[in-house]
Amino acid sequence: MKHLISFCINTAVNELDYIKLLFKSLQDNLSTLEHEIVVFIDSDNQGTFEWLLEQKQIFPNLNILKNPLPVCYGYARNINEMFEFASNDIVSYLQSDMVISKNYDVNISKHIKDNMILSSTRIEPPLHGPGLEKHTIDFGLSPEDFQYEMFLDWCEHNREEKQTEYFFAPFTMYKKVWNSIGGHDTRFRRSREDSDVLNRLILDGNKIVQTWDALVYHFTCVSSRGKDWHNKENSKAQARAALQQQADLVEMSRINKKWGGFSHGKPNNYYYNINSEIEIDNNNFDTFKMISTFFNVNYINEISFYNKFINQDEHIYANQLLNFSDNNWNEYSYMYNVENLKDYIRIGDSKGDIIIKFSLSNITQNNFNDVILNLQHIIHQYDEGTYKYNGFTIIINKKQNIIKDKIKTFNPLLNKEHKYLVY
């Protein structure tokens, strides 16, 4: 082995069968058991902790991090904690619903370099449809029906000595690269943390590589949507999946707020603070809510919209999925980069370096697509001055590209009594 690696795995309720299968594949298919294995148990209802303690007899460098709280950290936070805890220079993230192929560590080790983010290649059942970034083959939808030997044999005959540019879990990198950007931004509690961190890794000068000879099977979405999420007959699973879909919409709005639009791997090398001045001339709050996410501060003339905006509960879906009561949220919300909605809205005339003025009734699907979704690009093309553009007034008092300020995130530190336990 060229490198010893810290393999980091997070797990929560109803995942014991997946963890058992993943650990079988680690035991069978790693070239050495001297690698460090770090498992973060965020929640447990099946005796996962007790089972993992038994695995210390097989894996000499297995470390179990156990959440002592009545609520989950969430995977953005617990991945950060695992990477910080890891003792090797190289960290490799595996999701609990994955199965590794033969010599997985060897095929990672021979490619990994400094300032590189190395993604392995997934093999997935056809739950999301095919994609150029993965193999779509059904070796099973659950650990119970997984065709383990058939999967291993397929991998041995279908490895490819090629590289592409794509990022998803499982991924491997030098720990110092992760630390240099502050890891995951904990404002993203249920999704889009991967898109955000990818933007920042690229802007910090790292190379994104996907290797097609390090192969894993991925049951898909178990950690986010829950076990059996694809089974339309399972009403409980479908209810959880529906909650996750609502949480995804909230997380997308956070991406818009932070980056001015969505990007997964192709961020602009510029970002400008842009404020709006919106004349509220109809009652379409949903439209206002949607477009407001693309501006740093929204100046409006309607107090009812202001009150409705600041009283939104943007954490309701994540809190339900992560088992937070209102009292829990009051106690533990400090663990995350929580946004204050009052920072995004004002009553009165606009201020700022760049201001976009328009009436709410002016918004159509066409100018939303042409203007709102492209604000950063439009401003980048214009000099200082005042312009009319497709029904919008653009006022550029000063242009300041602050993209470098967005590369590093700063997450709050945990109180000592809320720190995970180590076994």
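Undergrad: Please explain the overall build of the protein as it appears in this structure.
TA: In terms of helices and strands, the protein carries 15 helices and 17 strands. Considered along the principal axes of its C-alpha atoms, the protein spans approximately 65 × 45 × 45 Å. Counting only residues that meet the buried cut, the protein has 55% of its 423 residues in that class. Partitioning the intrachain contacts of the protein with sequence separation of at least 6 by distance along the chain shows that 78% fall at a separation of at least 24. Taken as a whole, the protein presents about 18500 Å² of accessible surface, with 46% of it coming from carbon and sulfur. Put simply, the protein has 44 plus and 54 minus side-chain charges, and the middle of one group is 4 Å from the middle of the other.

Undergrad: Would you take a moment to explain the pairing of strand S10 (residues 207-218) for this structure?
TA: Looking along a regular strand, one sees side chains alternate from face to face of the sheet. Across the 12 residues that make up S10, a large majority, 11, are buried. The sheet contact formed by strand S5 (residues 98-100) and S10 spans 3 bridges and is antiparallel. Considered in S10, the bridge of Ile100 is made with Val216. The pairing of strand S6 (residues 116-124) with S10 spans 7 bridges and is classified as parallel. Bridge pairing in S10 links Met116 to Lys207. Summarising the sheet, strand S8 (residues 163-164) and S10 pair through 2 bridges and their orientation is antiparallel. Across the sheet, residue Gln163 finds its bridge partner in S10, namely Thr211.

Undergrad: Hey, could you run me through the nonpolar core in this one?
TA: Soluble, globular proteins show a tendency: their nonpolar side chains are buried together. With 67 residues, the main nonpolar core has Ile9, Phe23, Leu26, Ile37 and Leu94 as its most contacted residues. If near-sequence neighbours (up to four positions away) are discounted, Leu94 is found in contact with Phe7, Cys8, Ile9, Asn10, Leu22, Leu26, Ile100, Tyr104, Pro170 and Val216. Ile274, Phe358, Ile379 and Ile394 belong to the second largest nonpolar core, which has 31 residues in total.

Undergrad: Honestly, the sheet that holds strand S15 (residues 385-389) in this entry has me stumped. Any pointers?
TA: Sheet strands pair via backbone hydrogen bonds, and the direction of the pair is either parallel or antiparallel. Strand order across the open sheet formed by 6 strands is S13-S12-S11-S14-S16-S15, with mixed pairing between neighbours. A strand with exactly one partner marks an edge of an open sheet, and here the two such strands are strand S13 (345-347) and S15. The mean angle between the axes of side-by-side strands here comes to 20°, regardless of whether they run parallel or antiparallel. Bridge analysis of strand S12 (residues 298-300) against S13 gives 3 bridges, and the strand direction is parallel. Counted as the bridge partner of Ile300 is Ile347 from S13. The sheet contacts of helix H10 (residues 285-292) involve strand S11 (275-279), S12, S13 and strand S14 (354-359), and relative to S12 the element is tilted by about 150°. Here helix H11 (residues 303-310) sits on the sheet in contact with S12 and S13, set at roughly 155° to S13.

Undergrad: Would you take a moment to explain the side chain of Ser43 for this structure?
TA: Mapped onto the elements, Ser43 comes out in the loop between strand S2 (36-41) and helix H2 (48-55). Since its relative accessible area comes to 18%, Ser43 is described here as buried. Here the side chain of Ser43 touches Val13 through a polar contact of 3.2 Å, landing on its backbone nitrogen. Dropping the residues within four chain positions of it, Ser43 is found in contact with Thr11, Ala12, Val13 and Cys72.

Undergrad: Help me out: how do you make sense of the environment of Ile300 in this one?
TA: Note on placement: Ile300 falls in strand S12. Counting along the chain gives 50 residues from Ile300 to Ser350, while the straight-line C-alpha distance between them is 8.3 Å. The contact partners of Ile300, leaving out residues within four places of it in the chain, are Ile278, Ile280, Phe288, Phe305, Tyr306, Ile345, Arg346, Ile347 and Gly348.

Undergrad: What is the right way to read the pattern of salt bridges from this model?
TA: Opposite charge on two side chains makes pairing possible when the charged atoms of those side chains draw close. For the structure shown, the criterion picks out 19 salt bridges. Linking Lys258 and Asp185 is a salt bridge whose minimum nitrogen-to-oxygen distance equals 2.8 Å. Residue Lys258 is located in helix H9 (residues 235-259), and its partner Asp185 is located in the loop between helix H6 (175-181) and helix H7 (193-203); the two are separated by 73 residues in the primary sequence. We classify Asp185 as buried; its relative accessible area is 0%. With a closest N to O distance of 3.2 Å, Lys257 and Glu314 form a salt bridge. Of the two residues, Lys257 is situated in helix H9 and Glu314 in the loop between H11 and helix H12 (316-321); the sequence distance between them amounts to 57 residues. By relative accessible area, Lys257 is classed as buried at 7%. It is possible to trace a salt-bridge network through shared partners that takes in Asp185, Arg187, Asp196, Arg200, Glu251, Arg254, Lys258 and Glu339.

Undergrad: Got a minute to help me understand H7 in this structure?
TA: For an α-helix, the turn length of 3.6 residues means that residues three or four places apart are oriented alike. Within H7, 8 of the 11 residues are buried, which leaves the element mostly enclosed by the surrounding structure. Within H7, burial applies to Glu193, Ser195, Asp196, Val197, Leu198, Asn199, Arg200 and Leu201. Buried residues along H7 sit in contact with helix H3 (75-85), S6, strand S9 (171-174), H6, S10 and H9. In the stretch just after H7, Gly205 is the one whose phi turns positive, near 95°.

Undergrad: It is not clear to me how a nonpolar patch on the surface should be interpreted in this structure. Could you clarify?
TA: Residues Leu53, Leu421 and Tyr423 make up a contiguous nonpolar surface patch of roughly 240 Å² in combined accessible area. Position of Tyr423 relative to the elements: it lies in the segment after strand S17 (421-422).

Undergrad: How should I be thinking about the packing of H7 against H9 in this particular structure?
TA: For the pair H7 and H9, the least separation of the axes is 10 Å and the interaxial angle reads 25°. Comparing their axes, H9 and H7 come out roughly parallel. On H9, the residues touching Ser195, Asp196, Asn199, Arg200 and Leu203 of H7 are Ile255, Lys258 and Trp259. For the contact of H7 with H9, the class distribution of residues is 3 nonpolar, 2 polar and 3 charged.

Reading the values: the criteria
- Residues numbered from 1 in each chain as written.
- Predicted model: local features only at pLDDT ≥ 70, side-chain atom pairs only at ≥ 80, totals over all residues.
- Heavy atoms only, no water.
- Helix = DSSP H or I, 4+ residues; strand = E, 2+ residues; numbered from the N terminus.
- Buried < 20%, exposed > 50% of the residue type's maximum accessible area, 1.4 Å probe, protein only.
- Contact = heavy atoms within 4.5 Å.
- Areas by Shrake-Rupley, 256 points an atom, 1.4 Å probe, with all protein chains shown as cover.
- Lys, Arg positive; Asp, Glu negative; His and termini not counted.
- Charge placed at Lys NZ, Arg CZ, Asp CG, Glu CD.
- Pairing = 2+ DSSP bridges.
- Core = buried A, V, L, I, M, F, W, Y, C linked by side-chain atoms within 4.5 Å.
- Axes fitted to C-alpha atoms, helices over the stretch in contact; angles between N-to-C directions.
- Polar contact = N/O pair within 3.5 Å; in protein donor to acceptor, adjacent residues only side chain to side chain.
- Salt bridge = Lys/Arg side-chain N within 4 Å of Asp/Glu carboxyl O.
- Patch = residues over 30% accessible without salt bridge, like charges linked within 9 Å, V, L, I, M, F, W, Y side chains within 5 Å.
- Parallel < 35°, antiparallel > 145°, perpendicular 65-115°, else oblique.
- Nonpolar A, V, L, I, M, F, W, Y, C, P; charged D, E, K, R; others polar.

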